[in-house]
Structures are given as structure tokens and as C-alpha cells.
Amino acid sequence: MPDLTLHAHPLSSYCWKVLTALYEAGTGFTYQHLDLADPRARAEFYALWPMGKMPVLVDATAGRTVPETSVIIEYLDRYAAPAQRMLPGDAEAALEVRAWDRFFDLHVMTPMQKIVGDRIRPADSRDPFGVAEARRTLDAAYGVLETRMQGREWAAGEFGLADCAAAPALYYADKVTPLRARLPALTAYLERLEARPSFARVLVEAQPYAQLFPRENVG
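Let us look at the structure shown here.

Criteria and cut-off values
Residues numbered from 1 in each chain as written. Predicted model: local features only at pLDDT ≥ 70, side-chain atom pairs only at ≥ 80, totals over all residues. Heavy atoms only, no water. Helix = DSSP H or I, 4+ residues; strand = E, 2+ residues; numbered from the N terminus. Rg over C-alpha atoms; globule rule 2.2 N^0.38 Å. Buried < 20%, exposed > 50% of the residue type's maximum accessible area, 1.4 Å probe, protein only. Contact = heavy atoms within 4.5 Å. Areas by Shrake-Rupley, 256 points an atom, 1.4 Å probe, with all protein chains shown as cover. Lys, Arg positive; Asp, Glu negative; His and termini not counted. Charge placed at Lys NZ, Arg CZ, Asp CG, Glu CD. Disulfide = S-S within 2.5 Å.

**Re the overall build of the chain**
Working step 1: A count of helices and strands for the chain gives eight helices and four strands.
Working step 2: Counting from the amino terminus, the chain carries its helices and strands in the arrangement β-α-β-α-β-β-α-α-α-α-α-α.
Working step 3: Relative to the compact-globule value of 17 Å for 219 residues, the chain shows a C-alpha radius of gyration of 17 Å, a close match.
Working step 4: Within the chain, buried positions represent 48% of all 219 residues.
Working step 5: Considering only contacts in the chain between residues 6 or more positions apart, those separated by 24 or more positions represent 69%.
Working step 6: Accessible area for the chain stands at about 10,800 Å²; split by element, carbon and sulfur atoms hold 56% of it.
Working step 7: Between the averaged position of the 24 positive side-chain charges in the chain and that of its 28 negative side-chain charges there is a distance of 3 Å.

Shown next as C-alpha cells:
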């Protein structure tokens, strides 16, 4: 078995995506809490991955550093002998899973992060046009997903990579552009994700840091 270390922060949505896959598959790993406010920790992390984006997986056995969440999860499927795979073996089914994984990252996670990121900008540097555009993107994505989730339990076949992407994306998106009061199929899907033991564990572990989530600007 590989010797795995995940460099992550318990409030990061993309870290949640990988943690959900790790917990779902029962894969053993060491959690390296990443505090980018600490200059030494920041320097060490940027030496590990110069792009500075978390999470990053280090496989000490193979001598490999693996960035990018979807790639990390596929790497775990291939090399960590998980109890449950996050991608199906069938090529066509795997292509569908990858497509919905990209959908959640690009059309839900990205605009959500745009809205949240704007909240921590100085008042004179905020981007109301960009935030409005991000909200329009989220609303369009919600419409696609409300149709997609009609009669479905998970995003693409069995629980897997796409659902690992969906869980943090929808959880945080609901905080910035609420969906629960108006989209019954998508709401039911989000509630299934929150009840899934792997993602429920992620939420519990994040709770001590919840107060750090940026609140909406009021001025």
C-alpha cells in the first residue's frame, strides 16, 4: 500500500472533494493540515507545488506529488487499492462520470468561489459585475442539474467521482445562491450527499472552522 499524505485545509471545498473520496473508499492516509497564513508552512507548500493550490497528495512510496482533485481521485483509484472505486471500469460510463465531475467543478464550484472570494476583497476592489455573472452561471447550472436529477439517486450511476465534486460544490453554492426552497430534485440530491457517511464526516471535521467562512458583504 502507498504511503499517502494529503496536504489540505478542512474548510476548503476542493479538499472536501478528495476527502470524501478517501473516506468513501476507506483509503488510509496522513492528513497534513495546511495553514497558508503561516509563512513557513506556505513556503514549504509552494516548494511542493508552485501553483499553491490545495489539496496536494504525496505518495512517498512512489515518490510522486499529485495535484488537482480529479487527478488525485483517479490516482487513488489506480494505485491505492480502494475498497470502492470512484470511477467505473467501463469506458463509456467513466466518460459520463468525468463529464459531470467537470460540470460541478466548472459551473458550480468556480462561480461559487467567485462570489465567496469577492466577499473578502476590500470595498473599493469588489467586482459586482463578476459576482452577478457568477450568480447567473449558478442559476443556469441549477436548472441543468434539476433536470438531470429527476429520478436519479447519484449524478452518474453509482456514487463516485462526480458526487465527490457535487457535495462541496452544492453545499457551498447553496450558501451563496440558495437552492433548497425552489429546486426539489436538486435539494433532495444535496440532502442525500449530506447524509452520505463519507461527506457527513467531512462536514463534522470542518465544523470547528465554519466561522471562518466569509459572510456576505453588507457595505
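**Topic: the state of the cysteines**
Working step 1: All chains considered together, the criterion is met by zero disulfides.
Working step 2: Cys 15 supplies the cysteine sulfur nearest to Cys 164, a cysteine that is in no disulfide, at a spacing of 14 Å.

The analysis is restricted to geometry; functional conclusions fall outside its scope.
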